[in-house]
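# Coordinate analysis (summary)
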Amino acid sequence: MASDAIGDAVRGDWFAPGSSESRPASLERADGVRLLGDDGAELILGEVGGIEVSPRVGRIPRRVRFADGSVFVTLDNDGIDRLRLTPAARRNGLVHDLERFRPRLAAFVVVVALMAFAIYRYALPVMIEVAVAVTPPVVPQMIGSAAIDTLDRVLLSETELPLDRQRDLETQFAALAQFSDLGADGYNLVFRDGGPLGPNALALPDGTVILTDQLVALADDDEMILGVLAHEIGHVELQHSLRQVYRLAGMSALIMLIAGDVGEAVEELLVEGSALLSLSYSRAHESEADRRSVELMLKAGHDPLAINRFFASIREELGVADESGMLSTHPGTAERAEALEAYAAELRGRE
Ligand SMILES: [Zn+2]
């Protein structure tokens, strides 16, 4: 039926099976694929699926191979494309039909998006918890040593604190850390010039706590320093940076990790860029670490609100707009100070 024709007939040459001699012919699509000789005689009538069409490459002649092994050759590339003989071209013809399925397609996309969100919202946190629980000690050590290497290379430099001042702070820190879950041996306090990080303290997942010279210089008394260090102990105890690394590592790394496969791929994922993660935590993690600071300071017989005094003095000295130091990653908001005060009062009331 002429009404079923697709494209116009394409002119070219036909080579009979196994023959090197050609004869002029034209190819058309009507009731399948039809090849006609110049005299109008039907040479071949076949199914579209039974033919092979060479891909379009520049102006190289197209070859259409039929099931019987005969070949039709033509220079009319556009004409061949219009006949829609290849599966890809036929699929284009289906776009029309797909339009009708669009509402269903849209619903499908929405369902997939909702499932992805649900996985992210509900499954990922669970997987992070499982991964944290089964994490072998080598992983935090790996992340910790990679992180301090990176920090030393790009941001930090050697401390200028006198040795006796370092020893003094180490002793006070150990006296505080003995009240933590890991005990004093779980931590390693290191001193650095903070450079662009300014007055700051960072906790790495292996228990390394970095204290910058600038923070030591800014504190009016040692309790302020200890209050901040107790907060950092909280980040380590509650494995905040490990959780953060795992969140960024994503599903596939977590699955490998939970399966016990701490191979090179996982190692790379965890170590890459994990250094800077120790600089900023979520709000929830910050307030958890704050509460831990209050608890530890009280146990150690220090002012539980020393960390509040520290944030007040840092704001006073550097202004709230300070983007580089502790304030950028630990916004010392009034809300936060109030929460700390309330918690300290609550704990004291219980004593
Ligand atoms: Zn913090």
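Structure shown above.
The text that follows walks through the structure, step by step, so that each part is easy to find.

Moving on to unusual backbone geometry. In the Ramachandran plot, Arg84 falls in the positive-phi region, its phi being about 50° despite a non-glycine side chain. Here Arg84 shows up in the loop between α1 (77–82) and α2 (87–99). Judged by its relative accessible area of 34%, Arg84 falls in the partly exposed class. The phi dihedral of Gln239 falls on the positive side, at around 50°, and the residue is not glycine. Examined against the element boundaries, Gln239 turns out to sit in the loop between α7 (222–237) and α8 (240–258). Take Gln239: its relative accessible area is 32%, and that puts it in the partly exposed class.

This brings us to the pairing of strand β9 (residues 188–193). With respect to burial, β9 is a largely interior element, five of its six residues being buried. Taken together, the two bridges between strand β8 (residues 157–158) and β9 define a ladder with antiparallel strand orientation. Bridge pairing in β9 links Ser157 to Asp193. Pairing geometry for β9 and strand β11 (residues 208–212), over five bridges, is parallel. Across the sheet, the residue bridging to Asn188 is Thr208, located in β11.

Our focus in this paragraph is the pattern of salt bridges. Should the charged atoms of two oppositely charged side chains come close, the side chains can pair. With the rule as written, the count across this model stands at 18 salt bridges. We note a salt bridge from Arg243 to Glu129, for which the minimum N-O separation is 2.7 Å. With Arg243 in helix α8 and Glu129 in helix α3 (residues 102–134), this residue pair connects regions lying 114 residues apart in the sequence. A single network of salt bridges, built from pairs that share partners, joins Asp181, Glu237, Arg292 and Glu295.

So, on to the sheet that holds β8. Read from one edge to the other, the open sheet built from four strands follows the order β8-β9-β11-β10, with strand pairing classed as mixed. Strand pairing shows two members of the sheet lacking a second neighbour, β8 and β10 (201–203), which therefore form its edges.

Let us look at helix α4 (residues 138–154). Three- or four-residue spacings in an α-helix give side chains the same orientation, since the helix completes a turn every 3.6 residues. With 17 residues, α4 extends 24 Å between its outermost C-alpha atoms, agreeing within 8% with the 24 Å of an ideal straight helix rising 1.5 Å per residue. Residues Val139, Pro140, Met142, Ile143, Gly144, Ala146, Ala147, Ile148 and Leu151 constitute the buried set of α4.

On inspection of all chains with the given rule, the structure shows two aromatic pairs. Its end group placed over the ring of Tyr343, Arg291 keeps NZ or CZ at 4.0 Å from the ring centre.

Sheet strands line up and pair through hydrogen bonds in the backbone, either parallel or antiparallel. Read from one edge to the other, the open sheet built from seven strands follows the order β4-β3-β2-β1-β7-β6-β5, with strand pairing classed as antiparallel. The sheet is open, and its two edges are formed by β4 (42–46) and β5 (52–53), each paired on a single side. Pairing geometry for strand β6 (residues 62–65) and strand β7 (residues 71–74), over four bridges, is antiparallel. If you follow Val64 over to β7, its bridge partner there is Phe72.

One can describe the packing of helix α10 (residues 283–299) onto helix α13 (residues 334–350) by two numbers: an axis separation of 10 Å at closest approach and a directional angle of 40°. Here α10 lies oblique to α13, going by the angle between them. With respect to the hand of their crossing, α10 and α13 are arranged in right-handed fashion. Contacts from Arg283, Glu286, Asp290, Arg291, Val294, Glu295 and Leu298 of α10 reach α13 at Glu335, Arg336, Leu340, Tyr343, Ala344, Leu347 and Arg348. Within the contact of α10 with α13, the residues separate by chemical class into six nonpolar, no polar and eight charged.

This part covers the pairing of β7. Where burial is concerned, the two faces of β7 agree: the one with Val71 and Val73 and the one with Phe72 and Thr74 are both buried. With three bridges joining them, strand β1 (residues 6–15) and β7 adopt antiparallel strand pairing. Directly across from Asp13, in β7, lies its bridge partner Val73. Joining the antiparallel neighbours β6 and β7 is a turn of five residues, in which Gly69 adopts a positive phi near 95°.

So, how was this worked out
- Residues numbered from 1 in each chain as written.
- Predicted model: local features only at pLDDT ≥ 70, side-chain atom pairs only at ≥ 80, totals over all residues.
- Heavy atoms only, no water.
- Helix = DSSP H or I, 4+ residues; strand = E, 2+ residues; numbered from the N terminus.
- Buried < 20%, exposed > 50% of the residue type's maximum accessible area, 1.4 Å probe, protein only.
- Pairing = 2+ DSSP bridges.
- Salt bridge = Lys/Arg side-chain N within 4 Å of Asp/Glu carboxyl O.
- Expected span 1.5 Å × (residues − 1).
- Phe/Tyr/Trp six-rings, centres within 6.5 Å; stacked < 30°, edge-to-face > 60°.
- Lys NZ or Arg CZ within 6 Å of the ring centre and 35° of its normal.
- Axes fitted to C-alpha atoms, helices over the stretch in contact; angles between N-to-C directions.
- Parallel < 35°, antiparallel > 145°, perpendicular 65-115°, else oblique.
- Left-handed = near helix turned anticlockwise from the far one by under 90°.
- Contact = heavy atoms within 4.5 Å.
- Nonpolar A, V, L, I, M, F, W, Y, C, P; charged D, E, K, R; others polar.

Read these as spatial facts, not as claims about activity.
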